[in-house]
Amino acid sequence: MSSPIKTRLADLDDSLFVPRELSWLSFNSRVLQEAADEKAPEVQRLRYLGIFSNNLDEFFRVRVAEVLRLISMSSGGTRQSAKELLAAIQAEVVSQQHDFEGVYASVMKALQARRIHMINERQLEPNQAEFVQDYFNKTVLPELDPILFAEGSPIPVLNDESLYLAVEINTKKKQRVAVVEVPTDRMNRFVEIPRRKGNSGRVFIALDNVIRACLPQMFRGVLNIGSTSAYCFKFSRDAELELDVGIMESLIEKMASSLKQRQKADAVRFVYDAQMPSSLRDFLASKFSLGRYDSLIPGGRYHNSKDFIAFPRLGPRYLELRPLPNVPVSRIDESDNILSAIRAKDVLLYYPYHSFDYLIDLLKTAAVDPDVDSIKICLYRVASESRVVDALLNAVHNGKRVLAVVELAARFDEQANIHWAQRLTEGGIEVKFGVPGLKVHSKLLLIQRRENGQQRFYTHVGSGNFNEKTARLYTDFSLMTYDQDLGREVYDVFDFLRYNYRRPQYKHLLVSPHSSRSGLEKMIDTEIANARKGLRAAMTLKCNNLVDRELAMKLYEASNAGVEIRLIIRGMCSLQPGVKGISENIEAISIVDRYLEHPRVYVFYNAGEPRYYIGSADLMTRNLDYRVEVLCPIYDPDARMMIQDILDMQWHDNVKARVLDRAQSNESVPRRVKSAAIRSQESIHSYLSTGKKPRIPRSNMLLPPKQRKKGKKD
C-alpha cells in the first residue's frame, strides 16, 4: 500500500523543496546578520564579514558552477529551470552584496568610535604618505608583476580568487590597460601606518590602496604616464575536478593534472568595483570570454573581504569575543594514560570546549606503547603543521604498522593531501586512497593492542576531521571507546577500504554507501509506526545540510503521521517546516555563533528507549550514497546524556538561533516574556565546566512513552 503522503506529493511540483543553492544563500545571510549585530565586538563583526565573503567565494566555485554545467548540458524544461534558478541566485547575491556594503559601512563607523581608522590613499596626510611611499618601494614593489595588455598577445591566466587591480593608464600616445595581482598571499592585506599628527588611535590602509597611492612607480619609469586609475576585480572559477585522464597515470598524477586544469577552468563569477568605467568592464569581460550566464556582480571599492578573517588583533579584549578556556576531562587527566581511561569507560569529547590535545595524546600514547601493533586512520583534512601526522610517523619509528587512508579529492585541500600522502609514504606508512568513485569522508581511528594474548581494539569515531586548527573553530563530537563490537566493525570498514570487493555486514554502525540510508529510514519508519499506534514518537536531527529528497519525503511522511521532528541545521535545508497538512510537526532552527556548528547527531525516541548516533554523514545524497561515511551508536549512558543535554540547550537557544521556515526569513527564535537569555554555545561551556544546565523545559527524549490523546500534541 502506497503512503498517502507520497501519493499526495507526487501530484505537486517542487514548491515543497527549497533549491539548495537558495537555501545556502539563506545560511550566508545568517552570517551577515551576525556581522550586522551592533552588540557584537567590532573586530568580531569584521571577521564575520570575512566569513561571509569566503563562503560566497566557495558558493560560486561549487554551487553556481554546478548550475552553469546543468545549463550547458541540458535542454528543454530542465535547462529552463536551471536558467531560472541562476537568475534567482544572481538576484539574491546582488541583494546580499547591497546589504554587505551597508553592514561594512556600519562596522567602519563603529571602529572609528573605538579610534581604529581604515583610510584610503586619498586621505593620507604628509607623514602618512611618506611612510606609504617608503613601504611601497621597499616591501610591495618587489612583489608586483603588472601585465600590460597588447594587441595579439595571449590572454594571461589569472589566479582564481586572487585580488586584482585593473589599471587604466593614460599616456601621451594612447590609453593602455594593465592588471596586477595584489599579493595578499605573501603580505598582510591591512598595513598599519602612523597616526595623524595630534590624533590618537590606530590607522590602517589596505594593501590595494598602498598600490593605488604609488601606481606610476609600478611601471618603473618605462611609460610616459599622464594619469592612472585602478579598480578592484576578481574571478571565481569552476572548482570541479576532472580525474578521468589517462588510464596509466597514478591517482596522484591525475589529481595534480586536474589541479592544473582547475586554474584554467571557466569563470563563473566576475566581481568588480561598481565605479569601474563600463568601457573597462566590457573590455575585461571580452578579454576573459565571460558569457551571458556568467555572474558579473558590481560591488564596492574593496573585494576579497575574506581577508577580514585575518584582520590584525588589536589588543583590547572588548574588540573581539573573549576566548572560552578548554574544559579539562578529569577522568583522562587523573588516569595512568589515556588508553586505560578508555578501557574503563567510553570517552566523549566535544570540541573546541574540550582540547584536541586529548586526541593527540591518544595517538602519541599508541605510538610508544610496546603492546600496540597497528594504527589505522582516515585523513580527510589535516592542519598545515599536523601533529597528527607527526604522531603517525613516530609510530612507524617505534615499529608499529600504520595505515592511512588519505582522501586526495577533499575539495580545496587536494594539493595539501598530495603532499601529505607523499610524506606519509616516504615515512614508511601504508597509504591508501580509498574507493574509486567514493570519497572517504569518515573520521575513523583504530588502534590494535595485544592484551592477554588477544588483539583488542581502541576505536575513535568522530564528526570532525583530525585537524587541530579546525578543532579550535568547529564544534564536533569525538567518541573514544573500548567497545570490541564497535572496534571489529570499524576494522571491517578499513578492510573494505583496502579490499573494495568485500561487503561487510554491520550490526551496530551505519556505513555509507551500504547502510546509512536504509538504517536511518528504518529508524524513521519505527517512529512513524509508533505514532500511528498512538504512542509518543519524536526525533532530533542535527547536521550541516539536509537536502536529500528521499529523506525529506520520509520526514514529511513522519510529520503527517504525528512524529515530533526537531531539526538543527547549520546550512542548507531543502525541506520546508510548518507547511499545513505536510510538515506541521516539523520545526527547524539554525545557530550561527562564535564556533561553526559541525556535528552530525541523529536521535530517535524509540518508544522511550532513545537511539543516539554521531558521525560524519550529512543528510545529503552524496553522503548517503556516494561517500564512505560512518554513523556510530552511542551506548554509554553518560555520553548519551551529555549529547541530549547539549541538543536541548541548542534547541532552546533564544539568542543566536534563527527559525528556518518556508519564507527563508531567518527570524530570531522568539524569547518568551521573563524567560532567561540562553546563548547555547556559552551555556554548553558552563555545563561542561560545572555540570549545571540553564533552566529549560524537560527534554522531549526523556518523557515517558505514554499513549497520546487523539487530536492533541504531546
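1. A closer look at the overall build of the chain
Then step 1. Of the regular secondary structure elements, the chain holds 20 helices and 26 strands.
Then step 2. The C-alpha radius of gyration computed for the chain amounts to 28 Å, which stays within 12% of the reference 27 Å derived for 714 residues, consistent with globular compactness.
Then step 3. On the principal axes, the C-alpha backbone points of the chain span a range of 85 × 65 × 60 Å.
Then step 4. Across the 714 residues in the chain, those meeting the buried criterion constitute 57%.
Then step 5. In the chain, the share of contacts with a sequence separation of at least 24, taken over all contacts with a separation of at least 6, comes to 76%.
Then step 6. About 31600 Å² of surface is accessible on the chain, with carbon and sulfur atoms providing 48% of the total.

2. Comments concerning the pattern of salt bridges
Two side chains that carry opposite charge are able to pair once their charged atoms sit near each other.
Then step 1. Within the structure shown, the criterion is met by 44 salt bridges.
Then step 2. One salt bridge connects Asp-371 with Arg-450, and the closest N-O pair in it is separated by 3.7 Å. Of this pair, Asp-371 sits in the loop between α12 (357–368) and β11 (372–379) while Arg-450 sits in strand β15 (residues 444–451), and the two are 79 residues apart along the sequence.
Then step 3. Glu-564 is the partner of Arg-566 in a salt bridge, and the nearest nitrogen-oxygen pair spans 3.2 Å.
Then step 4. Three or more residues joined by partner-sharing salt bridges are found here, namely Arg-343, Asp-369, Asp-371, Asp-373, Arg-449, Arg-450 and Glu-451.

3. Re the pairing of strand β6 (residues 202–206)
Working note: regular strand, side chains alternate between the two faces of the sheet.
Then step 1. Of all five residues in β6, four are buried, a share of seventy percent or more.
Then step 2. In this sheet, β6 lies alongside strand β1 (residues 116–119) in parallel orientation, the contact comprising four bridges. Within the sheet, the bridge partner assigned to Ile-119 lies in β6 and is Ile-205.

4. Looking at the packing of aromatic side chains
Then step 1. Summed over all chains, the structure comprises 22 aromatic pairs.
Then step 2. Look at Phe-131 and Tyr-135: their rings are 6.3 Å apart centre to centre, the planes differ by 10 degrees, and that puts the pair in the stacked class. With a gap of four residues between them, Phe-131 and Tyr-135 both fall in helix α5 (residues 126–140), about one helical turn apart.
Then step 3. Judged by its relative accessible area of 32%, Phe-131 falls in the partly exposed class.

5. Details of the state of the cysteines
Then step 1. Counting across every chain of the model gives zero disulfides.
Then step 2. Looking at Cys-214, it has no disulfide partner, and the nearest cysteine sulfur is the one in Cys-232, 15 Å off.
Then step 3. You can call Cys-232 buried: its relative accessible area is 0%.

6. Structural notes on unusual backbone geometry
Then step 1. Note the cis peptide between Tyr-351 and Pro-352, where omega equals -5 degrees.
Then step 2. For the bond from Ser-512 to Pro-513, the omega torsion is 5 degrees, close enough to zero to count as cis.
Then step 3. One can find Pro-513 in the loop between β18 (510–512) and α16 (516–532).
Then step 4. Backbone geometry places Asn-606, a non-glycine residue, at a positive phi of 55 degrees.
Then step 5. Along the chain, Asn-606 falls in the loop between β23 (600–604) and β24 (611–615).

7. Here we look at the environment of Pro-277
Then step 1. Note that Pro-277 resides in the loop between β8 (267–273) and α9 (278–287).
Then step 2. A relative accessible area of 24% means that Pro-277 is categorised as partly exposed.
Then step 3. Setting aside chain neighbours within four positions, we find Pro-277 in contact with Glu-168 and Tyr-231.

8. Things to note about the packing of helix α2 (residues 20–36) against helix α4 (residues 76–113)
When two helices pack together, their arrangement is given by the angle between their axes and by how far apart the axes lie.
Then step 1. Running from N to C, α2 and α4 cross one another at 5 degrees; their axes reach a closest spacing of 10 Å. By the angle class used here, α2 and α4 are roughly parallel. Between α2 and α4, the residues in contact are Glu-21, Leu-22, Leu-25, Asn-28, Ser-29, Leu-32, Ala-35 and Ala-36 and Leu-85, Ala-88, Ile-89, Glu-92, Val-93, Gln-96, Asp-99, Phe-100, Val-103 and Val-107, respectively.
Then step 2. Of the residues belonging to the contact of α2 with α4, the class tally is twelve nonpolar, three polar and three charged.

9. Quick notes on the sheet that holds β6
Then step 1. Taken together, the three strands give an open sheet; going across it, the order is β1-β6-β5, and neighbouring strands pair in mixed fashion. Since the sheet does not close on itself, it has two edges, and those belong to β1 and β5 (190–193), each with one partner. Taking each pair of neighbouring strands and ignoring which way they run, the sheet shows an average axis angle of 35 degrees.
Then step 2. Bridge count for β5 against β6 is four bridges, and the pairing is antiparallel. Within β6, the position partnered with Val-191 by the bridge is Ile-205.
Then step 3. In the packing of α5 onto the sheet, contacts are made with β1, β5 and β6, and the angle to β5 comes to roughly 130 degrees.

10. Describing helix α15 (residues 484–498)
Then step 1. Helix length check: α15, at 15 residues, gives a terminal C-alpha distance of 21 Å against a target of 21 Å (1.5 Å per residue), a fit within 8%.
Then step 2. Residues of α15 that are buried: Gln-484, Leu-486, Gly-487, Glu-489, Val-490, Val-493, Phe-494, Asp-495, Phe-496 and Leu-497.

11. Description of the environment of Tyr-318
Then step 1. For Tyr-318, the position within the fold is in the loop between β9 (295–299) and α10 (330–333).
Then step 2. Taking the C-alpha atoms as reference points, Tyr-318 and Arg-45, 273 residues apart in sequence, are found 12 Å from one another.
Then step 3. Those residues within four positions of Tyr-318 in sequence are excluded, and the remaining contacts are Pro-41, Glu-42 and Arg-114.

Calculation notes
- Residues numbered from 1 in each chain as written.
- Predicted model: local features only at pLDDT ≥ 70, side-chain atom pairs only at ≥ 80, totals over all residues.
- Heavy atoms only, no water.
- Helix = DSSP H or I, 4+ residues; strand = E, 2+ residues; numbered from the N terminus.
- Rg over C-alpha atoms; globule rule 2.2 N^0.38 Å.
- Buried < 20%, exposed > 50% of the residue type's maximum accessible area, 1.4 Å probe, protein only.
- Contact = heavy atoms within 4.5 Å.
- Areas by Shrake-Rupley, 256 points an atom, 1.4 Å probe, with all protein chains shown as cover.
- Salt bridge = Lys/Arg side-chain N within 4 Å of Asp/Glu carboxyl O.
- Pairing = 2+ DSSP bridges.
- Phe/Tyr/Trp six-rings, centres within 6.5 Å; stacked < 30°, edge-to-face > 60°.
- Disulfide = S-S within 2.5 Å.
- Axes fitted to C-alpha atoms, helices over the stretch in contact; angles between N-to-C directions.
- Parallel < 35°, antiparallel > 145°, perpendicular 65-115°, else oblique.
- Nonpolar A, V, L, I, M, F, W, Y, C, P; charged D, E, K, R; others polar.
- Expected span 1.5 Å × (residues − 1).

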